[in-house]
Amino acid sequence: MRTALRKRLALVATGVSLAALLGVNSAAQASTSADSRYGAARAAVAVQQSPYERGPAPTEASVTAARGPFAISQVTVPEGSGTGFKNGTIYYPTSTAEGTFGAVAVIPGFVSPQAVIQWLGPRLASQGFVVFTLDTFSGQDFPQDRAKQLLAALDYLTTSSSVKNRIDPGRLAVMGHSMGGGASLWASANRPSLKAAVPLAPWEVDHSWEKTDKVPTLVIGGQSDAIAPVDSMSIPFFTNIAAPEKAYLELKNGDHFAPAAEGPVVAKYAISWLKRFVDLDTRYDQFLCPAPAPNANISQYRDTCPHS
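One structure accompanies this document, and this report is about it.

Cut-off values and rules
Residues numbered from 1 in each chain as written. Predicted model: local features only at pLDDT ≥ 70, side-chain atom pairs only at ≥ 80, totals over all residues. Heavy atoms only, no water. Helix = DSSP H or I, 4+ residues; strand = E, 2+ residues; numbered from the N terminus. Buried < 20%, exposed > 50% of the residue type's maximum accessible area, 1.4 Å probe, protein only. Contact = heavy atoms within 4.5 Å. Polar contact = N/O pair within 3.5 Å; in protein donor to acceptor, adjacent residues only side chain to side chain. Expected span 1.5 Å × (residues − 1).

1. Some remarks on the side chain of S184
Structurally, S184 is set in helix 7 (residues 179-190). Of the residues examined, S184 reaches a relative accessible area of 0% and is grouped as buried. Excluding residues that lie within four positions of it along the chain, S184 makes contacts with L150, V174, M175, G176, A197, V198 and P199.

What follows is the structure, encoded as structure tokens:
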């Protein structure tokens, strides 16, 4: 009996008629049944999810909205709370029902306060990240110094902060504007375990880090940036870094401060990049691949699609 059953199952696996095996009178009925079963199997494979997916399936409206699906809270981190960074603000989802979250540290540019990049805190946290926006020790700190501050802030987040238990320490990312953007590139080169970087109008004259930076990186530049010209900074940074996954988004007519200004375009692509590489959430590939065409907001977009 068992031998016969095994033979029948083997025949089913090789595509032999279900009608003959199961005694179905109509071959069409059997074919429909088989197609249904195989279709269900294909669907089961297709919906395999990243274990780090957080939140509902994204839409154009959700990635451009001022707030995402997660309720958030914040905590002020005063100077002296940790070592290696000055002070900042942590934004985080209030619920942990879906598990832990990836974390992002964000640092501003030359002589800029935390306030310049602080909008990214609630914007990203409401999409399912823990976000630490920073002030620098000195407004004149150079990119390498700011990189050390970014990494120290991530270490504080994961080991000492009041929200450390909400964070997956294996899924961390960095962002920054201007010299802070240069800092995010240095941080990536110095800590290859980072999952993503999003430098905004990055400024740096030392390119020695480029060949060691293998962290998935989205560079966002302004077409009309006169402080960190894209032709000498953002574009070469994108072109030369060793990261196998990278993209360059250029804001049409954007000046140096456009990538740091709150808006739906920067938010959409930063969120999608972080979701894709920090959360391994392929649901966000739709916003990154194929590359968006130039439009009223984007002068050009370069990438390494398709993502592996």
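On we go from here.
2. Examining the side chain of D141
Along the chain, the position of D141 falls in the loop between strand 4 (129-135) and helix 6 (143-159). Polar side-chain contacts of D141 include one of 2.9 Å to the backbone nitrogen of S138. A polar atom in the side chain of D141 sits 3.0 Å from the side chain of Q149. Excluding residues that lie within four positions of it along the chain, D141 makes contacts with T136, R146, Q149 and M179.

3. Section: helix 6
Three- or four-residue spacings in an α-helix give side chains the same orientation, since the helix completes a turn every 3.6 residues. Between its terminal C-alpha atoms helix 6 stretches 24 Å, which fits the 24 Å expected from 17 residues at 1.5 Å a residue. Against the buried residues of helix 6 lie strand 1 (72-77), strand 2 (87-93), strand 3 (101-107), strand 4, strand 5 (167-177) and helix 7.

4. Points about unusual backbone geometry
Omega for the bond connecting C289 with P290 falls within 30 degrees of zero, at -5 degrees, which places this linkage in the cis form. Turning to its location among the elements, P290 is positioned in the loop between helix 9 (264-278) and strand 9 (298-303). With an omega of 0 degrees, the peptide bond running from C305 to P306 counts as cis. By the secondary structure assignment, P306 is in the segment after strand 9. Even without a glycine there, the phi angle at S178 is positive, about 60 degrees. As for its position among the elements, S178 is in the loop between strand 5 and helix 7. For L280, which is not a glycine, the phi torsion comes out positive at approximately 55 degrees. Tracing the sequence through the fold places L280 in the loop between helix 9 and strand 9.

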